[in-house]
Amino acid sequence: RAKEEGKNNYQFYSPDLKVRSLERLMLENNLRKALERHEFFLHYQAKRNLKTGKIAGVEALVRWQHPELGTISPAHFIPLAEETGLIVHLGRWVLRAACTQGVIWQQQGLPPICIAVNLSARQFFDDNLINDIANALRESGLAPELLEMEITEGMIMQDAERAIRILTGIKALGVRLAIDDFGVGYSSLAHIKRFPIDTLKVDSSFIRDIPANREDRAITEAIIAMGKTLSLTVIAEGVETQEQENFLRDSACDQTQGYYFSKPVSPEEFTRFMLAHMVEAMVCSPPEKQFT
Ligand code: C2E
Ligand code: MG
Ligand code: MG
Ligand code: MG
């Protein structure tokens, strides 16, 4: 019995933990059914080109509309889906839904826009990944160059040689590759040059205290400079203020993404957002640029 074995073991039997594992079990069961019940949906967050001020692309972010618990953030259920392996099915759905949405926007008459889709480790190392991506492209009719897959440093560092083979396979489809949350893992840029990637997304933790924090400014500038050296597009994540945006523009960062430009929104809201930006671009462009 736990009580006899000493105080330290007692915590294993605490009602709190029991409740939590029960909650987990329920969530896990619910997660399994959620796909069939169509409880997942995607929100879309714009990326801004800092040279033109225009929309440079969009990232698909999954949400779970739980019938009782309301909207659940991916930070809560992605790790669970990853552990249980359900992520592979969920990821396949996300990929297909995002590609289809991209085509719908074009059918609505909007300019072609690059859509980024996140991958977790289990999806990345799944043997069917390349097939899944190829199928999503074929079935939706989305042009491969309008799709970008986001992976993290941690994932490719798990098994670098295997990662290079997978990345090369994805690139062969004509799809773009981005490293998400860059700077918080332990890969160096020297290492990064071995991977066939197009984009670096500077992790939001470096952006949060910009411009006040000198170290974060220096790190961000260094990542931008080295990214340029490797001919990569550099995006700053989690940009929330005008000051951060100004600093990044002055540092020649290519793109920003964050609440300052747009929160993740529904596909319908994103349509309106794109239309508003097209109109803004037509009305506000300086006269000398209008006829070039
Ligand atoms: P991520 O790919 O790094 O996405 C950025 C996260 O930061 C998103 O959270 C986004 O809503 C949030 N964010 C964006 N701008 C700001 C800002 O200015 N301030 C703050 N405070 N937050 C901002 P979200 O949507 O909750 O997603 C969290 C993570 O879950 C993602 O991080 C990604 O790793 C994962 N994820 C989301 N969707 C998917 C998916 O479809 N598949 C997989 N495998 N993972 C996903
Ligand atoms: Mg991402
Ligand atoms: Mg990120
Ligand atoms: Mg993140």
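For the structure, see preceding data.
The sections below set out a description of the structure shown in this document. (Residues numbered from 1 in each chain as written. Chains lettered and ligands numbered in written order. Predicted model: local features only at pLDDT ≥ 70, side-chain atom pairs only at ≥ 80, totals over all residues. Heavy atoms only, no water.)

1. Considering the overall build of the chain
- Helix and strand content of the chain: 14 helices and 9 strands.
- The long-range share in the chain, meaning contacts at least 24 apart out of those at least 6 apart in sequence, stands at 67%.
- When the accessible area of the chain is evaluated, it comes to approximately 15,600 Å², of which 53% is carbon and sulfur surface. (Helix = DSSP H or I, 4+ residues; strand = E, 2+ residues; numbered from the N terminus. Contact = heavy atoms within 4.5 Å. Areas by Shrake-Rupley, 256 points an atom, 1.4 Å probe, with all protein chains shown as cover.)

2. Here's the deal with the coordination of the magnesium ion (ligand 3)
- Surrounding the magnesium ion (ligand 3) are the protein donor atoms Asp-180 (OD), Asp-181 (OD), Glu-237 (OE) and Glu-237 (OE), at 2.1 to 2.4 Å.
- All donor residues of the magnesium ion (ligand 3) come from one chain, and their arrangement in sequence is D-D-x55-E.
- The distance between the magnesium ion (ligand 3) and the magnesium ion (ligand 2) is 4.1 Å, with Asp-180 acting as a donor to both metals.
- The exposure class of Asp-180 is buried, given its relative accessible area of 7%.
- A relative accessible area of 27% places Asp-181 in the partly exposed class. (Donors = N, O, S within 2.8 Å, 3.2 Å for Na, K, Ca; no water. Buried < 20%, exposed > 50% of the residue type's maximum accessible area, 1.4 Å probe, protein only.)

3. Comments concerning the environment of Asn-118
- Looking at the element boundaries, Asn-118 is found in strand 4 (residues 115-118).
- Separated by 116 residues in the primary sequence, Asn-118 and Val-234 place their C-alpha atoms 17 Å from one another.
- Every residue in contact with Asn-118, bar those within four places of it in the chain, is listed here: Glu-59, Ala-60, Leu-61, Gln-123, Glu-150 and Asp-180.
- Within the local environment of Asn-118, its side chain forms a polar contact with the side chain of Glu-59, the two groups lying 2.8 Å apart. (Polar contact = N/O pair within 3.5 Å; in protein donor to acceptor, adjacent residues only side chain to side chain.)

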